[in-house]
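Structural overview for review
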Amino acid sequence: MVIGIRVKDLAADYGDLRVWDGISLEINEPGLVVILGPNGVGKSTFMYMLNKILVPVEGSVYLGDRDIAEMDYRDIARIVAYVPQKSDETFSMSVLNTVLMGRYPISGRTTSAEDVRYAAKCLKVLGITDLAMRDFNELSAGQHQKVMIARGLAQEPQIMLLDEPTSNLDVFHQMHVMKMLRDIAHQKGIIILAICHNLNIASRFADRLILFSEGAIKSDGTPEQVITAENIQDVYNVKADITEVDGRPYAIFHAREKEWEF
């Protein structure tokens, strides 16, 4: 049974600025759901509220039929895994032990042979088995990102939240990670919710897209419904032509021919 996400009349403020107001939506089907939108529209804020990192000014968040406000953090961690865009965490330990931290909500701090096997499986899925004995602090930004995704997978979550999981990766690995996330969501029957700035990679792999803009949800649906020339012009102020690649919409962007003076 899928544990869904339901938000009702959410509002968020930054100081005196209302970022968005009255956000309501439901995510009940397993798959890869991608949040899109320009900088500053509250994408990360929305994700923080799904994980109780932030508390909404108004409105409610439900995981399944449970109000997140009434859940403690360990209860949430048994359902939700969160992978930040950039972590300030430093671990003077091996990559394998870092990934094993994802097992804590399941096993506590007593590591079993099964925990080790599952963590090793997560490293294999990410293609980083060769890093298992490396010190986490010695990794590149891209390797660091993959380890954090592996740690999230090690929780065996029902819902996985990822804030720009491809931000430190090259094009090949961006595609590898997004396809992997989609396949895992389908195979395990879970919801994976990711923030992404690359419209074409999101379009290629997402089951559902949610486009934020200026305090509201501008569009919510399939890639064909969301990746349109009109939406891109309205939300990003960029002209684009939409074609099709691999059966999905693909945007070709037009640069402004403005001369800049220095």
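Just above sits the structure.
**Focus on the nonpolar core**
- Core analysis: the biggest nonpolar cluster contains 51 residues, and Val34, Val99, Ile149, Leu181 and Ile192 have the highest contact counts within it.
- Not counting residues within four places of it along the chain, the set of residues in contact with Leu181 comprises Leu32, Ile149, Leu162, Pro165 and Ile192.

**Regarding the pattern of salt bridges**
- One pass over the structure, following the stated rule, counts 13 salt bridges.
- Here Glu114 and Arg117 are joined by a salt bridge, their closest N and O atoms 3.1 Å apart. Of this pair, Glu114 and Arg117 are both found in helix 5 (residues 113-126), three residues apart, which corresponds to roughly one turn of the helix.
- Assessed through its relative accessible area of 52%, Arg117 is described here as exposed.
- The partner of Asp183 in a salt bridge is Lys179, and the shortest N-O contact between them spans 2.8 Å. Here Asp183 and its partner Lys179 are both found in helix 7 (residues 171-188), four residues apart, which amounts to about one turn of the helix.

**Focus on unusual backbone geometry**
- Of note, Asp9 is a non-glycine position whose phi angle comes to about 55°, a positive value.
- Inspection of the secondary structure puts Asp9 in strand 1 (residues 5-14).
- A positive phi angle, close to 55°, is found at Asp246, a residue other than glycine.
- Mapping Asp246 onto the fold places it in the loop between strand 11 (240-245) and strand 12 (248-253).

**What to know about the layout of surface pockets**
- By volume, the largest pocket amounts to about 390 Å³.
- Lining the largest pocket we find 19 residues, and of these Asn51, Ala77, Val80, Tyr82 and Gln155 sit closest to its centre.
- Counting only elements with at least two residues in the lining of the largest pocket, the list comes to helix 2 (73-77), strand 6 (80-83), helix 4 (104-107) and helix 6 (141-154).
- No other element matches the four residues that strand 6 contributes to the lining of the largest pocket.
- Each residue belonging to the lining of the largest pocket can be placed in one class, and the counts come to 13 nonpolar, four polar and two charged.

**Overview of the sheet that holds strand 7 (residues 159-163)**
- Read from one edge of the open sheet, six strands run 6-7-8-3-9-10, paired in mixed fashion. Looking at strand neighbours, the two that pair on one side only are strand 6 and strand 10 (216-221), the edges of this open sheet. The sheet shows a mean angle of 15° between the axes of neighbouring strands, taken without regard to direction.
- Relative to strand 8 (residues 191-195), strand 7 runs parallel, the two being bridged by five bridges. Considered in strand 8, the bridge of Leu161 is made with Leu193.
- Sitting on the sheet, helix 6 is in contact with strand 6 and strand 7, with an inclination near 165° to strand 7.
- Across the face of the sheet, helix 7 comes into contact with strand 3 (31-36), strand 7 and strand 8 while running at roughly 135° to strand 3.

**Remarks on the side chain of Arg103**
- Among the secondary structure elements, Arg103 is positioned in the loop between helix 3 (95-100) and helix 4.
- Reaching out from Arg103, the side chain makes a polar contact with the backbone oxygen of Ala154 at a distance of 2.8 Å.
- In this structure Arg103 touches Gly108, Asp115, Tyr118, Ala154 and Glu156, once residues within four positions along its chain are discounted.

What counts and how
Residues numbered from 1 in each chain as written. Predicted model: local features only at pLDDT ≥ 70, side-chain atom pairs only at ≥ 80, totals over all residues. Heavy atoms only, no water. Core = buried A, V, L, I, M, F, W, Y, C linked by side-chain atoms within 4.5 Å. Buried < 20%, exposed > 50% of the residue type's maximum accessible area, 1.4 Å probe, protein only. Contact = heavy atoms within 4.5 Å. Salt bridge = Lys/Arg side-chain N within 4 Å of Asp/Glu carboxyl O. Helix = DSSP H or I, 4+ residues; strand = E, 2+ residues; numbered from the N terminus. 1 Å grid on protein atoms, 1.4 Å probe; cavity = no way out; pocket = protein on both sides within 12 Å on 5 of 7 lines; lining within 4 Å. Points joined across faces, edges and corners; volume = space filled by probe spheres on them. Nonpolar A, V, L, I, M, F, W, Y, C, P; charged D, E, K, R; others polar. Pairing = 2+ DSSP bridges. Axes fitted to C-alpha atoms, helices over the stretch in contact; angles between N-to-C directions. Polar contact = N/O pair within 3.5 Å; in protein donor to acceptor, adjacent residues only side chain to side chain.

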